[in-house]
Amino acid sequence: MNKLMTTLAAAASVAVASVASSATAYAGAVLDNVLATKTLKVAAGADWGPMSHMNDKHELDGSDIDIAKAIADYLGVKVEFVTPGWDIMTAGKWEGRWDMAMGEMAPLKARSEKLDFPAVYVYGRVSAVVHKDSKANKLSDLDGKVVGVTASTVSESYANHILAPDWIVGAKPIDFQFKPGEVKAYATHNVALDDLRLGDGVRLDAVLGDETVTRDAIKAGYPLREIGVVLTTPGAVAILRGDKEFSEKIAAAIKVMKDDGTLAKIMIKWYGVDRSVEK
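Criteria and thresholds
Residues numbered from 1 in each chain as written. Predicted model: local features only at pLDDT ≥ 70, side-chain atom pairs only at ≥ 80, totals over all residues. Heavy atoms only, no water. Buried < 20%, exposed > 50% of the residue type's maximum accessible area, 1.4 Å probe, protein only. Helix = DSSP H or I, 4+ residues; strand = E, 2+ residues; numbered from the N terminus. Pairing = 2+ DSSP bridges. Contact = heavy atoms within 4.5 Å. Phe/Tyr/Trp six-rings, centres within 6.5 Å; stacked < 30°, edge-to-face > 60°. Lys NZ or Arg CZ within 6 Å of the ring centre and 35° of its normal.

A. Just the pairing of strand β8 (residues 146-150), in detail. β8 sits mainly inside the fold: 5 of its 5 residues count as buried. On β8, burial covers both faces: Val146, Gly148 and Thr150 on one face and Val147 and Val149 on the other are all buried. Pairing geometry for β8 and strand β9 (residues 182-186), over 5 bridges, is parallel. Within β9, the position partnered with Thr150 by the bridge is Tyr186.

This is how it looks when you write it as structure tokens:
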């Protein structure tokens, strides 16, 4: 009987040790894989203006790309980029295809159910743009209009009057400055702008989206004009929940970049201003 009890106790100890070991492995699984493969796989956009886009060499370029490369350097690994849809990135349906997502993602409470946000690295502005022939001159002129947005973004939530500033403790309520008659969701901001450029009211009356992408389109010759900034939101690096060590490493990398001025230099390089600080 004593021998049996000793055997059972030993088996139980092995089982507990095994579970503890598995939990530890899971906690650092992503970081362990990144370091083992010496590769950080990053999700980014291919047509997000100065944030991330394909350059003349058919390579991804932009502020997000430079920041991701700097994080990889901090970890001592190389970086690889993939370009999934924004809705897949925000939904957390990653399935091991990438380790980290860029895109100036607002760290909303709903997203935090599946994602972790190690560090805020930018403050972006959402602006409203209309066709140059539009009679709209202020945000309230968009009441009852057809407004285009990118799906699964703060712009969509704002247009539908369901956005809550739950990324900031003690933030003031959102000031909804107009009520669209219809909100059309698009896969990307650029596709929405393409519909707006067809003419005032042809498919859309206005588009809400990232101010920098919109201004790039206008510089490229799109017959559009901005009529106001809707809101400013923090943008963070995103990873899947569950890897505390990986989250801490990314947070440390961003802190180093803020402290030594690297982050500010990247922002000024691509935007002409330092978007890493709230203004």
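B. Summary view of the environment of Gln177. Following the sequence through the fold, Gln177 ends up in the loop between α5 (154-159) and β9. Looking at Gln177, the relative accessible area reads 32%, which means it is partly exposed. Remark: the alpha-carbon pair of Gln177 and Asp143, spanning 34 residues in sequence, is separated by 8.7 Å. Residue contacts for Gln177: discarding those within four places in its chain leaves Leu139, Ser140, Tyr158, Val229 and Val230.

C. View of the packing of aromatic side chains. One pass over the full model with this rule turns up 4 aromatic pairs. Summarising the aromatic geometry, the rings of Trp94 and Trp98 are spaced 5.6 Å apart at their centres and angled 45° between planes, so their arrangement reads as tilted. Each member of the pair, Trp94 as well as Trp98, carries the same accessibility label: buried. Plain terms: the ring middles of Tyr158 and Phe176 are 5.2 Å apart, the flat faces sit at 45° to each other, and that makes the pair tilted. Linking Tyr158 in helix α5 with Phe176 in the loop between α5 and β9, this pair joins segments that are 18 residues apart in sequence. Tyr158 sits in the buried class, given a relative accessible area of 1%. Judged by its relative accessible area of 26%, Phe176 is partly exposed. An aromatic cluster of three or more residues is present, and its members are Tyr158, Phe176 and Phe178. Arg197 extends its terminal NZ or CZ atom over the ring of Tyr222, reaching a point 3.8 Å from the ring centre.

By themselves, these are just geometric observations and shouldn't be taken as functional.
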